[in-house]
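Residue-level structural notes
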Amino acid sequence: MTRPPVIVTGGAGYIGSHTCKTLAQRGYLPIAVDDLRTGHADAVRWGPLEQLDLAETDRLTEVIARSGARTVIHFAYVGESMREPLRYYTNNVATTVSLLRAMERCDVTRMIFSSSCATYGIPDRMPIAESTSQHPVNPYGRTKLMCEEIIRDHFNAIGRQFALLRYFNAAGADPM
């Protein structure tokens, strides 16, 4: 049974490419959207690659519309936040807003957002629970928390489904 396509931003990165593999194994067509600044084209093996910057809302809208996808899994992010905080805010927050605009134009109904445990900062107790206060201590954590809040506000306003994933360490040994 062929399932609908799924847009995977950051699909040429480590986590994104493994997500594409899993989606393909389950009958979905993963469409990797990546600008390849940190991703690798050779990691895209289970569906097409659309090379573009997520800030290009019009091009992103075209890709989503052409694909017919109804779900987006958003992994895209940029490297070291402490050295280049403005780049982080642009690439994480502004591109998430661009992606949400493109999704709205195409009536995409679901989103999964790759956030981070960095949104908690230095927790006041262990183990960390989902309800633990979030006080990020660096631009990476702050931008991820801002994106969570933007996504929550947007999807609650339009009555659509979303999930926010705050994982700690992504590791694996799959040779792909």
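Our subject is the structure listed above.
So, here's what we can say about the structure. (Residues numbered from 1 in each chain as written. Predicted model: local features only at pLDDT ≥ 70, side-chain atom pairs only at ≥ 80, totals over all residues. Heavy atoms only, no water.)

Describing the overall build of the protein
Within the protein one finds four helices and six strands. The order of α-helices and β-strands along the protein, N terminus first, is β-α-β-β-α-β-α-β-α-β. Over its C-alpha trace the protein gives a radius of gyration of 16 Å, about what one expects of a compact globule, namely 16 Å for 176 residues. Here the protein, with 176 residues, has 44% of them falling under the buried criterion. The contacts in the protein between residues at least 6 apart in sequence include a share of 63% that link residues at least 24 apart. With the model as given, the accessible surface of the protein reaches about 9,200 Å², and the carbon-plus-sulfur share is 53%. (Helix = DSSP H or I, 4+ residues; strand = E, 2+ residues; numbered from the N terminus. Rg over C-alpha atoms; globule rule 2.2 N^0.38 Å. Buried < 20%, exposed > 50% of the residue type's maximum accessible area, 1.4 Å probe, protein only. Contact = heavy atoms within 4.5 Å. Areas by Shrake-Rupley, 256 points an atom, 1.4 Å probe, with all protein chains shown as cover.)

A closer look at the environment of Pro85
By the element assignment, Pro85 lies in helix α3 (residues 85-105). For Pro85, a relative accessible area of 31% corresponds to the partly exposed category.

Here's the deal with helix α2 (residues 57-67)
Along α2, the residues classified as buried are Thr57, Leu60, Thr61, Val63, Ile64 and Ser67. Summarising the axial view, the buried residues of α2 lie within an arc of 165°, below the 170-degree limit, and thus occupy one face. Relative to its buried face, α2 has exposed residues pointing more than 90 degrees away, namely Asp58, Glu62, Ala65 and Arg66. Looking at the packing, one finds that the buried side of α2 touches β1 (6-9), β2 (30-34), β3 (49-51) and α3. Once α2 ends, the next one or two residues include Gly68, with phi positive near 75°. (Arc of directions from axis to C-beta.)

Looking at helix α4 (residues 139-158)
Over its 20 residues, α4 runs 28 Å from end to end, which matches the ideal 28 Å to within 8%, given 1.5 Å per residue. Of the residues making up α4, those classed as buried are Pro139, Gly141, Thr143, Lys144, Leu145, Cys147, Glu148, Ile151, His154 and Phe155. Looking at the buried residues of α4, the elements they touch are α3, β5 (110-114) and β6 (161-165). Capping the start of α4 is the job of one residue whose side-chain oxygen sits 3.2 Å from the backbone nitrogen of Tyr140: Asn138. (Expected span 1.5 Å × (residues − 1). Polar contact = N/O pair within 3.5 Å; in protein donor to acceptor, adjacent residues only side chain to side chain.)

Some details on the sheet that holds β2
An order of β3-β2-β1-β4-β5-β6 is seen for the six strands of this open sheet, with the pairing classed as parallel. The sheet terminates laterally at β3 and β6, the two strands that pair on one side only. Averaged over neighbouring strand pairs, the angle between their axes works out to 15° when direction is ignored. The pairing of β2 with β3 spans three bridges and is parallel. Across the sheet, the residue bridging to Val33 is Glu50, located in β3. (Pairing = 2+ DSSP bridges. Axes fitted to C-alpha atoms, helices over the stretch in contact; angles between N-to-C directions.)

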